[in-house]
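Remarks on the overall topology
What follows is the residue order along each chain.
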Protein chains: 2
Amino acid sequence: MPVTLRPGQALGLWREVTLAQVVDDAPDLTIRQLAILLTVYLEPPPHTIRGLAARLQVTKPVITRALDTMGAMKLVARHRDEADKRNVLVRRTVEGSLFVEKIGDTIIAKARELPT
Amino acid sequence: MPVTLRPGQALGLWREVTLAQVVDDAPDLTIRQLAILLTVYLEPPPHTIRGLAARLQVTKPVITRALDTMGAMKLVARHRDEADKRNVLVRRTVEGSLFVEKIGDTIIAKARELPT
DNA sequence: CTCGGTCGTTACGGTTCCGTATCAAGTAGC
DNA sequence: GCTACTTGATACGGAACCGTAACGACCGAG
């Protein structure tokens, strides 16, 4: 069932979801980390460090560090590209899928709670 | 004009807006800082440090530090409560209003770009 | 084989954030 | 006045992040 979103409600929805992220025991991700995570899970593979850096317009070390952190959280995984061993491919994990899915559920849930 | 949001699109919208925040020169706020900012601007005053800490379920120093940072960015302002001088009231600023408004515009703009 | 170019990682110094604990200022009851 | 309580700010050590710069591993043209 689709949810209608009026301009005045958009910010309220954003606030509710952001707040839910903070209040929950959810891993405390940076905005950048979140952007990386969502890109990996919503855009078709393959995902390379270089590609992600270009997509987010940040430097490569930012991506490397974010992958270190999120890798420790098991939200993403690294994998050498066998075809071109210079590349590192970023892959999804079960834990990451569940985490992203949960965010989606939160958005929809909060959207439904909006005053009509 | 309202925008319809289907479950499968919610995450895509979230990604687009988060990405826009990263790519823009927007002040690099923490998730927590963003939650505080949106709460101050979307919920009716007054806002106290204690109240915000309780609302976000974080400790008081977190709020104090966030207000230090966002205060330096002119996104919020502190003001002593004259009635009870122990309290500090968090108030909105012109710059903060513009920033929050811009986020709202981004959400709506990205929502309209979603595939029908 | 060699050498320029590309890839991701690491090193560095600096800044910011965290949580816990402590603090000064202010209030209210006695 | 004095004490118990509340409020927000601060101190501290530790952790994470940033951007710049340098690094080793790898590819591919010649």
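Everything below is about the structure printed above this text.
Values in this document were obtained by computation on a predicted structure and should not be read as measured data. (Residues numbered from 1 in each chain as written. Chains lettered and ligands numbered in written order. Predicted model: local features only at pLDDT ≥ 70, side-chain atom pairs only at ≥ 80, totals over all residues. Heavy atoms only, no water.)

Observations concerning the protein's contact with DNA strand C
Spelled out, the test is: We call a residue near a molecule or strand as soon as one heavy atom of that residue lies within 4 Å of the molecule or strand. Any pair of nitrogen or oxygen atoms within 3.5 Å is treated as a polar contact; in protein, a donor-acceptor pairing is required on top of that, and neighbouring residues in sequence qualify only through side-chain atoms on both sides. Think of it this way: any DSSP run of H or I at least four residues long counts as a helix, any run of E at least two long counts as a strand, and we number them from the N terminus. Note on residue categories: nonpolar means Ala, Val, Leu, Ile, Met, Phe, Trp, Tyr, Cys or Pro, charged means Asp, Glu, Lys or Arg, and polar means any other residue, Gly included.
Neighbouring residues of DNA strand C: 21 residues in total, closest A:Arg50, A:Lys60, A:Thr64, A:Arg78 and B:Gln33. By atom count, sugar and phosphate contribute 69% of the portion of DNA strand C lying within 4 Å of the protein. Between A:Asn87 and DNA strand C, the recorded distance is 3.2 Å, taken from a side-chain N or O atom to a sugar or linking oxygen. Interatomic distance of 3.1 Å between a side-chain N/O atom of B:Thr69 and a phosphate oxygen of DNA strand C. With four residues, helix H4 (residues 60-72) of chain B is the largest single contributor of residues to the surface near DNA strand C. Taken together, the residues of the surface near DNA strand C sort by class into six nonpolar, six polar and nine charged.

Some points on the interface of chain B and chain A
Basically, it comes down to this: Contacts: residue pairs with any heavy atoms within 4.5 Å of one another. Once two parts are brought into contact, the accessible area they lose, counted with a 1.4 Å probe and summed over both, makes up the buried area. We define a salt bridge as a side-chain nitrogen of Lys or Arg found within 4 Å of a carboxyl oxygen belonging to Asp or Glu.
Counting from both sides, the interface comprises 39 residues of chain B and, opposite them, 38 residues of chain A. Roughly 3,800 Å² of surface becomes buried between chain B and chain A when both sides are summed, with 77% attributable to carbon and sulfur atoms. When residues of chain B are sorted by the area they lose upon contact with chain A, B:Trp14, B:Arg15 and B:Ile31 head the list and together hold 21% of the total. Our count for the chain B to chain A interface comes out at four salt bridges. Its salt-bridge partner being A:Glu43, residue B:Arg15 comes within 2.7 Å of it at the nearest N-O pair. Our count for the chain B to chain A interface comes out at four residue pairs in polar contact (both at pLDDT 80 or more). Of all the elements, helix H1 (residues 7-23) of chain B adds the most residues to the side of chain B that touches chain A, at 14 residues. Residues belonging to the side of chain B that touches chain A are distributed by class as follows: 25 nonpolar, seven polar and seven charged.

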